Amino acid sequence: MSLIKSALRIFQSGSAKKQIYFHESKAIRAFSSCNKLRQDAKDTTASKINFYIDENKEKGYAILKFNKAPVNSLNLEFLTELNIQLEKFEESKEIKGIILTSNIPNIFSAGLDILEMYQIKQDRGSQFWTALQETWIKLYGSNKIYIAAINGHSPAGGCLLSISCDYRIMSKGPYKIGLNETLLGIKAPFWFRDTMINTIGYRETEKALQLGKLYSPEEALSINLVDELAEPKELISKAEEQMSKWCAIPTVARELTKSSMRRDTLSKLIAQREADTQAFIEFTQRDSIQKSLRMYLESLKKPKKPSS
């Protein structure tokens, strides 16, 4: 039984049961609006490849490399395609684990695409947030083993992808990782927060989220935001070594243990997905938030001063 189904079982009684059925039926309707996007993602030609996948079925794992230039930003189409691939991994009987990394040098993922929050229509915003929720649920709630091989910068949503995995190895170098949403005037959603708390603890999360703290690899290791550091050339080999250790653990025992650790956090979002989506729409449409996003986008257009 998957962690997601296990989380749903918590609500299978009384009014809570009605509540979860209500929210899930709403979510299903929201998903139906993404059907065309899903089909488009399946029909994507080789001229635009968002992922490279290398499956080693003999050893029981796959490597998925993000390849959405320039910074692997998470927009609706990217997330939809990613969710399709995550479903395939979950259904595979030959793949026990997946290493997530990037094919783009020095960047794991820059996080959410700001253009998905700036001056968008409500339908598009709802589809985008629903797709992001689905990505987190699939990653955090997966029975598979996920190891993040973080080869560069990983702020905001990139950090969320990382901490949703079971193990994190980060390249040594001038890189940063963290949930820095407040620096853009945005409040991190409760499931970002809870995932961070489960990773580094309450007090460190409280400081990190309020300050929009971005950590160096060494700082991230010291607070358990990542589990290991590696030289860039050794990152994937280190991830493969770690994957072999995880794959050697009896599968059922490991899955049940993971489920017991993550079920409550998953259940919290599953019970209120539509409310969370509506909160995202209402928050990002505030004039103050739109102003902050506009200022950030304008700052990206300014030419960089040449270094002296």
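A brief look at the structure comes next. (Residues numbered from 1 in each chain as written. Predicted model: local features only at pLDDT ≥ 70, side-chain atom pairs only at ≥ 80, totals over all residues. Heavy atoms only, no water.)

1. Some points on the sheet that holds strand S7 (residues 167-171)
- The strand order across the open sheet built from six strands is S1-S2-S3-S5-S7-S9, with neighbouring strands paired in mixed fashion. Where the open sheet ends on each side, the last strands, each with one partner, are strand S1 (51-56) and strand S9 (228-230). Neighbouring strand axes in the sheet, compared pairwise and without regard to direction, differ in orientation by 20° on average.
- Here three bridges tie S7 to S9, and the two strands are oriented parallel to one another. Note that in S9 the partner of Met170 across the bridge is Leu229. (Pairing = 2+ DSSP bridges. Helix = DSSP H or I, 4+ residues; strand = E, 2+ residues; numbered from the N terminus. Axes fitted to C-alpha atoms, helices over the stretch in contact; angles between N-to-C directions.)

2. Regarding the packing of helix H5 (residues 122-140) against helix H7 (residues 190-200)
- Between H5 and H7, the shortest axis-to-axis distance is 12 Å and the interhelical angle comes to 25°. The angle between H5 and H7 places the two elements in the roughly parallel class. You can see that H5 and H7 cross each other, and the crossing is left-handed. Residues Trp129, Leu132, Gln133, Trp136 and Tyr140 of H5 lie in contact with H7, whose contacting residues are Trp191, Phe192, Thr195 and Asn198.
- Of the residues assigned to the contact of H5 with H7, the class counts are six nonpolar, three polar and no charged. (Parallel < 35°, antiparallel > 145°, perpendicular 65-115°, else oblique. Left-handed = near helix turned anticlockwise from the far one by under 90°. Contact = heavy atoms within 4.5 Å. Nonpolar A, V, L, I, M, F, W, Y, C, P; charged D, E, K, R; others polar.)

3. Brief notes about the pattern of salt bridges
- In the structure shown here, the tally under the stated rule is 15 salt bridges.
- Ionic pairing is found between Lys57 and Glu94, a salt bridge with its closest N-O pair at 3.2 Å. Taken together, the residues span a long stretch of sequence, with Lys57 in the loop between S1 and strand S2 (61-66) and Glu94 in the loop between helix H4 (76-91) and strand S3 (97-102) at a distance of 37 residues.
- Judged by its relative accessible area of 45%, Lys57 falls in the partly exposed class.
- On the basis of relative accessibility, which here comes to 45%, the residue Glu94 falls in the partly exposed class.
- A salt bridge links Lys258 to Asp166, with the nearest nitrogen and oxygen atoms 3.1 Å apart. Placement of the pair is Lys258 in helix H11 (residues 251-270) and Asp166 in the loop between helix H6 (157-163) and S7, with a sequence separation of 92 residues.
- What makes Lys258 buried here is its relative accessible area of 6%.
- The network of salt bridges with common partners includes Glu55, Lys57 and Glu94. (Salt bridge = Lys/Arg side-chain N within 4 Å of Asp/Glu carboxyl O. Buried < 20%, exposed > 50% of the residue type's maximum accessible area, 1.4 Å probe, protein only.)

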